[in-house]
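# Inside the fold
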Amino acid sequence: MEGLKEIVRACTKCRLHLGRKNAVPGEGPAWARIVLVGEAPGRQEDEEGRPFVGAAGRLLDSLLREAGLRREELYVTNLVKCRPPGNRRPRSDEISACLPYLLSELSALRPALVVALGETAGRSLSQALGIEWRGLGEMRGRKRVGALGGRALALLFTYHPSAALRRRELGDLILKDLTLAAEIARGNPPGDPEDEPHSQDHP
Ligand code: SF4
């Protein structure tokens, strides 16, 4: 994983390297049971070269604590590793260029669960892992099982914490989903959550 981080820090495979201060590789222990995948680094992450250290990251940390999880026990990364200008959404060719790094991280870590944060990460990961994407409103709060390198990989979808900075009610939904993620990762989810929403409270 250290070798991969160095490759990411030096990467020039897409135009996003032109405006970055720092590429932002994933961060967390190799034994992490849960991997969180956001969309892209923001301004603060670009400054520091670390994922989820800005306002959205602070909210994420708070929600993780409420869900009974500690940031130190998770691996946190992004769909693309360099900040898009003005925090725009990453473009499809940028995602295609960067996706192999994320898939390499997931192959190496083999987590019990991947939690995709937000529409862009959710859709891209679904496509890469062979899961039909039906929009975040319908997909969130449900565990799905995809495949990576011939191995099953469980995913859960939820909103990105930056969305909850603008719409506070989404924070409650993210908290429910992270609580479910903790239960799945511990191996005792309530019932069989696959393909079943754990709440009907989509906004
Ligand atoms: S976003 Fe990804 S593919 Fe593009 S330059 Fe950065 S590390 Fe390389």
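The sections below set out a description of the structure shown in this document. (Residues numbered from 1 in each chain as written. Predicted model: local features only at pLDDT ≥ 70, side-chain atom pairs only at ≥ 80, totals over all residues. Heavy atoms only, no water.)

Okay, the overall build of the protein chain next. Per the secondary structure count, the protein chain includes eight helices and five strands. For the protein chain, the succession of helices and strands along the chain, N to C, is α-β-α-α-β-α-β-α-α-β-β-α-α. Computed over C-alpha atoms, the radius of gyration of the protein chain comes to 16 Å, within 12% of the 17 Å expected from 2.2 N^0.38 for 203 residues, which places it in the range of a compact globule. Structurally, the protein chain occupies a C-alpha span of about 45 × 40 × 30 Å along its principal axes. (Helix = DSSP H or I, 4+ residues; strand = E, 2+ residues; numbered from the N terminus. Rg over C-alpha atoms; globule rule 2.2 N^0.38 Å.)

Bringing helix H4 (residues 92-109) into the picture now. With 18 residues, H4 should reach 26 Å at 1.5 Å per residue; the first-to-last C-alpha distance of 25 Å fits that figure. At Cys98, H4 shows its maximal bend, which comes to roughly 40 degrees, and the proline Pro100 appears one to four places after that position. Buried within H4 we find Glu94, Ile95, Ala97, Cys98, Leu99, Tyr101, Leu102, Leu103, Glu105, Leu106 and Leu109. Two residues or fewer past H4, Arg110 is found with a positive phi of approximately 45 degrees. (Expected span 1.5 Å × (residues − 1). Bend = angle between axes of the 7 residues up to and from the residue. Buried < 20%, exposed > 50% of the residue type's maximum accessible area, 1.4 Å probe, protein only.)

Residue position: Ser124 is located in helix H5 (residues 119-129). Beyond its immediate stretch of four places on either side in the chain, Ser124 contacts Leu79 and Ile95. (Contact = heavy atoms within 4.5 Å.)

Looking now at the nonpolar core. Residues Ile34, Leu36, Leu106, Val115, Leu125 and Leu178 are the most contacted members of the largest nonpolar core, which totals 64 residues. The greatest single-element share of this core, amounting to ten residues, is contributed by helix H8 (residues 169-185). Each residue touching Val115, except ones within four places of it in the same chain, is listed here: Ile34, Val35, Leu36, Val37, Leu156, Thr158 and Ala181. (Core = buried A, V, L, I, M, F, W, Y, C linked by side-chain atoms within 4.5 Å.)

Before going further, it helps to spend a moment on the site of the ligand. In the neighbourhood of the ligand, the contacting residues comprise Cys11, Lys13, Cys14, Leu16, His17, Arg20, Lys81, Cys82, Ala97, Cys98 and Tyr101. Applying the majority rule of atoms within 2 Å of the grid points places the ligand in the largest cavity. A class-by-class count of the residues in the shell around the ligand yields seven nonpolar, one polar and three charged. (Near = heavy atom within 4 Å. 1 Å grid on protein atoms, 1.4 Å probe; cavity = no way out; pocket = protein on both sides within 12 Å on 5 of 7 lines; lining within 4 Å. Sits in = over half its atoms within 2 Å of the grid points. Nonpolar A, V, L, I, M, F, W, Y, C, P; charged D, E, K, R; others polar.)

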